[in-house]
Amino acid sequence: MNLTTPELKDTGATPAPRRETAPRITALDALRGFALCGILLVNIDQITPMERISSTFHWLPIPQFLNLFVQERFFPIFSFLFGLSFAIFLDSAAKRSDHPRFLLVRRLTALGLLGAAHQLLQPGEALAPYAVIGLVILLPATWLPTRLVLIAGLVGTVASVTLVSGGIASIPGLFLLGLGVARLGVVHTLDRRTGQLAAVLALAAPAAAAAVWWQYTYAPAGPLATRIAAGAGLLGALAYATALLLLLRTRLGRPLSAVLEPLGRMALTNYITATLVVTAATPLLGLKGSARWDIAMLLAAGILVVQAVLCRWWLRRMRYGPLEWCLRCVTWWSIVPMARSLAPAA
């Protein structure tokens, strides 16, 4: 029985984690790593506020590019994947525990505490909101029928850009869409959905381009500016995600996956350590309050290159990243073996 169906019952004690039978879906790891790259570019300005407008009251080139092609384009991908991963973990945990939802409560609580600490360095961080919304929205949704979850996710996502201005308001809908898509089993048949992905991209790409043009030409102080930006971000996220999933099927797929997949598998560790590095480098590079966007982008590129190399090296020896391992230990409330030569997956 699929664990994420409403019939799931949580009873009995939690046994020690057993060997995981389901293989990782590498395309999702690569997509998560891709989203992480874009999020870092945006987060630098949140960690270290910088000048976006020139002395002549015009947007500086790099922040203008980020505003049109990066801002709000990667956060939706990450949020959707969180809901999807939530369902995958729930299904996997059901095979090893009699009360998997309790494991998720413990996992989300730990994530929320980590996020609360992370907020001290990055006020716009996502872990704390993810944990709270996961507990309040996602967890109760596991008792609902899949059709209702998908409808609620779609309505919530559309409402987040038509009634408000995206951002945190878009998280509940995207979480639910991820949960619903996982329940449909789409992720396990991605390799057979090339035509469907191409069709989605064919629709999303021109729509995203039109939305970017509308965002660019609309008055920044206009009453609809933030909602247009949020809508353009969602369409851009859909176009980016489908384009990457298709690109992974080409000759470039293997080298691209070799870079992105380790980043995605250690997304939590990379997300936190990037904040620490940016915070430490800011006074050394004189970024705060400056317009040195070229230096900021070089810093982001350097962080990602180092993380990609270290993640690949680490995962050859270990099953999990350091923070991912800590989260698993808290989730199962036991020490989970980490070294590849010793560890059953948990």
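Worth saying up front: this structure is predicted, and the values here are computed from it rather than measured.

### Details of the packing of aromatic side chains
- For the structure on display, the rule yields ten aromatic pairs.
- A ring pair is formed by tyrosine 130 and phenylalanine 175, whose centres lie 5.1 Å apart and whose planes are at 70 degrees; its orientation type is edge-to-face. Taken together, the residues span a long stretch of sequence, with tyrosine 130 in helix H5 (residues 127-141) and phenylalanine 175 in helix H7 (residues 171-183) at a distance of 45 residues. Just as tyrosine 130 is buried, phenylalanine 175 falls in that class too.
- Site record: aromatic cluster; members linked through ring pairs are Phe75, Phe82, Tyr130 and Phe175.
- Between the NZ or CZ atom of arginine 101 and the centre of the ring of tryptophan 143, over which it lies, the distance is 3.8 Å.
- The lysine or arginine in question, arginine 107, covers the ring of phenylalanine 89, its NZ or CZ lying 4.4 Å from the ring centre.

### Describing H7
- With 13 residues, H7 extends 18 Å between its outermost C-alpha atoms, agreeing within 8% with the 18 Å of an ideal straight helix rising 1.5 Å per residue.
- Counting buried positions along H7 yields twelve of 13 residues, so the element is predominantly enclosed.
- Residues Ile171, Gly173, Leu174, Phe175, Leu176, Leu177, Gly178, Leu179, Gly180, Val181, Ala182 and Arg183 constitute the buried set of H7.
- Buried residues along H7 sit in contact with helix H3 (75-94), H5, helix H6 (146-162) and helix H9 (225-247).
- In the stretch just after H7, glycine 185 is the one whose phi turns positive, near 80 degrees.

What counts and what doesn't
- Residues numbered from 1 in each chain as written.
- Predicted model: local features only at pLDDT ≥ 70, side-chain atom pairs only at ≥ 80, totals over all residues.
- Heavy atoms only, no water.
- Phe/Tyr/Trp six-rings, centres within 6.5 Å; stacked < 30°, edge-to-face > 60°.
- Helix = DSSP H or I, 4+ residues; strand = E, 2+ residues; numbered from the N terminus.
- Buried < 20%, exposed > 50% of the residue type's maximum accessible area, 1.4 Å probe, protein only.
- Lys NZ or Arg CZ within 6 Å of the ring centre and 35° of its normal.
- Expected span 1.5 Å × (residues − 1).
- Contact = heavy atoms within 4.5 Å.

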